[in-house]
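Spelled out, the chains give:
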Amino acid sequence: MTRALYPGSFDPVTYGHIDIISRASGFFDELYVGVLNNKEKTPLFSVEERVKMLEIACKDFLNVKIVSYSGLLAEYAKQSGINVIIRGLRAVTDFEYELQMAQTNRKISSSCDTVFLTTSLEYAYLSSSIVREVASYGGDVSNFVPDFVEKSIKAKYRGE
Ligand code: ADP
């Protein structure tokens, strides 16, 4: 059985992430989507909220499971029987960091390879930070995220 892991912050999940999940889920028996629990960052949404949003967004992908992890990605992958890490590439600017991470993970766990999927053109500009920024000024993010995510962001910025 082939199991892959797509890790990220997903703060919040966007159509760009969902596109990568949809495409990657076709290549593997099981795809784990891993929400990074990074205690050094202050995310807009808690890990529990991000996991919940991904569960709703991915409910139709039957071989996709949402998990959260903290610590070293390569260690988590090894413990979970995962040999393939999925990452999305949007622009050249993503590449340098991603290459470094992929090589580091391989050094930590020699059985761990990274597979890159290039963004679909319509989402090439899209990132969670852009969504947060637009939403924080009251802008329309309905082209970037599913409806229920948009409602949650608006509620956050209203302080609910
Ligand atoms: P971001 O905050 O930039 O959206 P994440 O840490 O949540 O970043 O992203 C997780 C992974 O998803 C990364 O590999 C990132 O490059 C990829 N990704 C994010 N947005 C897109 C997109 N629009 N198209 C393709 N890949 C993306």
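Higher on the page you've got the structure.
Conventions we followed
- Residues numbered from 1 in each chain as written.
- Predicted model: local features only at pLDDT ≥ 70, side-chain atom pairs only at ≥ 80, totals over all residues.
- Heavy atoms only, no water.
- Salt bridge = Lys/Arg side-chain N within 4 Å of Asp/Glu carboxyl O.
- Buried < 20%, exposed > 50% of the residue type's maximum accessible area, 1.4 Å probe, protein only.
- Helix = DSSP H or I, 4+ residues; strand = E, 2+ residues; numbered from the N terminus.
- Contact = heavy atoms within 4.5 Å.
- Phe/Tyr/Trp six-rings, centres within 6.5 Å; stacked < 30°, edge-to-face > 60°.

Here's the deal with the pattern of salt bridges
Item 1. On inspection of all chains with the given rule, the structure shows nine salt bridges.
Item 2. For the salt bridge of D113 with R106, the shortest nitrogen-to-oxygen distance reads 3.4 Å.
Item 3. Since its relative accessible area comes to 37%, D113 is described here as partly exposed.
Item 4. Here K154 ties to E150 by a salt bridge, and the two come within 3.3 Å at their closest N and O atoms. Placement of both K154 and E150 in helix α6 (residues 147–157) is noted, with a separation of four residues, approximately one turn of the helix.
Item 5. A relative accessible area of 41% places K154 in the partly exposed class.
Item 6. Residue class for E150 comes out buried when judged on its relative accessible area of 11%.

Some remarks on the environment of S68
Item 1. One can find S68 in strand β3 (residues 64–69).
Item 2. A relative accessible area of 38% means that S68 is categorised as partly exposed.
Item 3. Separated by 21 residues in the primary sequence, S68 and V47 have C-alpha atoms spaced 7.2 Å apart.
Item 4. S68 has contacts with V35, V47, V51 and Y76, leaving out every residue within four places of it along the chain.

Regarding the packing of aromatic side chains
Item 1. Evaluated as defined, the whole model comprises five aromatic pairs.
Item 2. Geometrically, the ring pair formed by Y69 and Y76 is stacked, given 5.4 Å between the ring centres and 25° between the ring planes. Taken as a pair, Y69 and Y76 share a single burial class, namely buried.

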